[in-house]
Amino acid sequence: MKLRTLLLASVFALAACGSPEAATAPAAGQPGGVNITANQNRVRAQQVAAIAALVPADVRARGTLVVGTTGNGTPPLSFRADDDKTVIGVEPDLAQLVADVLGLKLDLQASSWENLFLSVENRQFDAGFSNITVTEERKDKYDFATYRQDTIAFEVRTEKNISVKEPKDIAGLTVGVSAGTNQEQILLRWDQQNKAAGLAPVKFQYYQAASDYYLALQSGRIDVYVGPNPTSAYHVAVDKKTKIVGTVSGGGTIRADIAAMTKKDDGLVKALQQALDTLIKNGQYAEVLKRWNLTSEALPASEINPRGLPRK
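Since this is a predicted model, take the numbers as computed values, not measurements.

### Things to note about the overall build of the chain
Turning to step 1, where the next piece is worked out: Counting its secondary structure elements, the chain contains 10 helices and 12 strands.
Turning to step 2, where the next piece is worked out: A burial count over the chain gives 53% of its 312 residues as buried.
Turning to step 3, where the next piece is worked out: Here the analysis covers contacts within the chain between residues at least 6 apart in sequence; of these, 76% occur between residues at least 24 apart.
Turning to step 4, where the next piece is worked out: Summed over its atoms, the accessible surface of the chain is roughly 13,700 Å², and 50% of this surface lies on carbon and sulfur atoms.

### A few points about the sheet that holds strand E7 (residues 151-157)
Turning to step 1, where the next piece is worked out: Ordered by their spatial adjacency, 5 strands build an open sheet running E9-E8-E10-E7-E11, and the pairing between neighbours is mixed. Two strands in the sheet have a free side with no partner beyond their single neighbour: strand E9 (203-205) and strand E11 (242-249). For this sheet the average axis-to-axis angle between neighbouring strands, irrespective of direction, equals 30°.
Turning to step 2, where the next piece is worked out: As judged from the 3 bridges shared by strand E8 (residues 174-177) and strand E10 (residues 224-228), these two strands associate in the parallel manner. When the bridges of E10 are listed, valine 175 appears paired with valine 224.
Turning to step 3, where the next piece is worked out: Here helix H6 (residues 182-196) sits on the sheet in contact with E7, E8, E9, E10 and E11, set at roughly 75° to E7.

### Some details on helix H8 (residues 229-239)
Turning to step 1, where the next piece is worked out: Counting buried positions along H8 gives 10 out of 11 residues, so the element sits mostly inside the fold.
Turning to step 2, where the next piece is worked out: Among all positions in H8, only Asn229, Pro230, Thr231, Ser232, Ala233, Tyr234, His235, Ala237, Val238 and Asp239 are buried.
Turning to step 3, where the next piece is worked out: Residue lysine 240 follows H8 closely and has a positive phi angle near 60°.

### Description of the packing of helix H4 (residues 90-101) against helix H10 (residues 284-291)
Turning to step 1, where the next piece is worked out: H10 packs onto H4 with a crossing angle of 165° between their chain directions and a minimal axis gap of 10 Å. Looking at the two axes, H4 sits roughly antiparallel to H10. The hand of the H4/H10 crossing is right-handed. Note on element contacts: H10 touches H4 through Gln284, Tyr285, Val288, Leu289 and Arg291, opposite Val90, Asp93, Leu94 and Leu97.
Turning to step 2, where the next piece is worked out: Of the residues contributing to the contact of H4 with H10, the split by class is 6 nonpolar, 1 polar and 2 charged.

### Description of the pattern of salt bridges
Turning to step 1, where the next piece is worked out: Under the criterion given, the structure shown has 18 salt bridges.
Turning to step 2, where the next piece is worked out: Between aspartate 126 and arginine 62 there is a salt bridge, with the nearest N and O atoms lying 2.7 Å from each other. Taken together, the residues span a long stretch of sequence, with aspartate 126 in the loop between helix H5 (113-121) and strand E5 (127-128) and arginine 62 in helix H3 (residues 57-62) at a distance of 64 residues.
Turning to step 3, where the next piece is worked out: Classification of aspartate 126 by relative accessible area gives buried; the value is 1%.
Turning to step 4, where the next piece is worked out: What makes arginine 62 partly exposed here is its relative accessible area of 38%.
Turning to step 5, where the next piece is worked out: For the salt bridge of lysine 139 with glutamate 136, the shortest nitrogen-to-oxygen distance reads 3.0 Å.
Turning to step 6, where the next piece is worked out: Looking at lysine 139, the relative accessible area reads 14%, which means it is buried.
Turning to step 7, where the next piece is worked out: Residue glutamate 136 is classed as partly exposed on the basis of its relative accessible area of 24%.
Turning to step 8, where the next piece is worked out: Each of the salt bridges in this network shares a partner with another, and the network as a whole consists of Arg42, Asp93 and Arg291.

### Side note on the side chain of glutamate 297
Turning to step 1, where the next piece is worked out: By secondary structure assignment, the location of glutamate 297 is in the segment after H10.
Turning to step 2, where the next piece is worked out: At a separation of 2.7 Å, a polar atom in the side chain of glutamate 297 contacts the side chain of arginine 148.
Turning to step 3, where the next piece is worked out: Residues in contact with glutamate 297, not counting those within four places in the same chain, are Arg148, Gln149, Thr151, Asn229, Pro230, Tyr285 and Leu289.

### Thoughts on the environment of phenylalanine 129
Turning to step 1, where the next piece is worked out: Positionally, phenylalanine 129 belongs in the loop between E5 and strand E6 (142-149).
Turning to step 2, where the next piece is worked out: Of the residues examined, phenylalanine 129 reaches a relative accessible area of 1% and is grouped as buried.
Turning to step 3, where the next piece is worked out: In the structure, phenylalanine 129 is positioned 61 residues away from glycine 68 in sequence and 6.3 Å away in space, judged by C-alpha atoms.
Turning to step 4, where the next piece is worked out: Excluding residues within four positions of it along the chain, phenylalanine 129 makes contact with Val67, Gly68, Thr69, Glu91, Leu94, Ala95, Val98, Tyr147 and Ala260.

Conventions adopted
Residues numbered from 1 in each chain as written. Predicted model: local features only at pLDDT ≥ 70, side-chain atom pairs only at ≥ 80, totals over all residues. Heavy atoms only, no water. Helix = DSSP H or I, 4+ residues; strand = E, 2+ residues; numbered from the N terminus. Buried < 20%, exposed > 50% of the residue type's maximum accessible area, 1.4 Å probe, protein only. Contact = heavy atoms within 4.5 Å. Areas by Shrake-Rupley, 256 points an atom, 1.4 Å probe, with all protein chains shown as cover. Pairing = 2+ DSSP bridges. Axes fitted to C-alpha atoms, helices over the stretch in contact; angles between N-to-C directions. Parallel < 35°, antiparallel > 145°, perpendicular 65-115°, else oblique. Left-handed = near helix turned anticlockwise from the far one by under 90°. Nonpolar A, V, L, I, M, F, W, Y, C, P; charged D, E, K, R; others polar. Salt bridge = Lys/Arg side-chain N within 4 Å of Asp/Glu carboxyl O. Polar contact = N/O pair within 3.5 Å; in protein donor to acceptor, adjacent residues only side chain to side chain.

Interpretation note: all reported values are geometric properties and have no functional meaning in isolation.
This is how it looks when you write it as structure tokens:
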């Protein structure tokens with residue numbers, strides 16, 4: 001088994017480490033039935049000539065759609081398969097479908113988060129598909145075509161009778177959350193509201209890695225883990241010992257969207273938006289989200305440059 005497979009599988013086996021019988025890692029390449037092999041058998045689409053005609057002439061002449069994504073990211077977004085080389089996940093799947101509709105060959109480039117933005121701005125990448133949230137600040141330099149809701153999930157052990165819909169639902173609970181994240185800021189605001197209303201404060205716990213949070217959750221040291229919905233949805237699918245009991249927008253009270261990103265005014269965003277809309281309508285978009293357990297983040301239509309998260 002490749003080292004990458006062991007690392008991926010270990011994240012979802014750690015919660016059971018208290019029992020030797022339960023500590024067996026999922027089968028290589030198929031943790032919880034999710035395909036993490038290099039052979040992805042991706043959903044594919046047909047070219048739509050009218051939409052392909054919207055692609056800028058230089059990109060059409062090249063015949064490829066160069067897409068940047070953070071290949072060393074977190075399942076199920078974009079991450080390395082068990083060959084430790086092939087980039088897989090929901091982001092590459094959607095990028096492939098869009099390239100198909102545009103009649104282009106997908107050239108997927110793994111990138112660091114910081115280099116992704118610079119490479120799109122410099123036109124080294126035509127687009128970025130990498131769980132990128134639309135913000136008003138980013139709209140100064142980039143155009144966006146939306147394709148998923150940006151949501152945060154509340155994850156608990158399956159036997160827990162907890163439901164989270166509003167601030168009072170976390171009063172008095174021990175909550176695991178990563179420091180410096182949007183979800184921490186939302187929880188801190190909720191906790192302040194609760195204390196002002198005379199409710200019990202939240203007990204916050206901070207750890208270094210996702211595996212640490214899941215070990216704490218399974219052992220009962222925390223009641224709830226709050227993190228990005230895609231990460232939790234994937235963990236629920238492969239581990240089968242936890243459940244999601246609530247979600248909230250990544251912007252808190254403000255809607256937040258994930259989008260394909262292009263250089264501002266380079267002429268490509270309309271083609272991407274039209275391709276995404278076509279995939280939403282023909283059901284192939286839904287197939288991809290279902291494959292990665294992200295149906296809850298589906299959008300009814302793709303929008304160009306919607307309202308983004310406000311400037312700091």
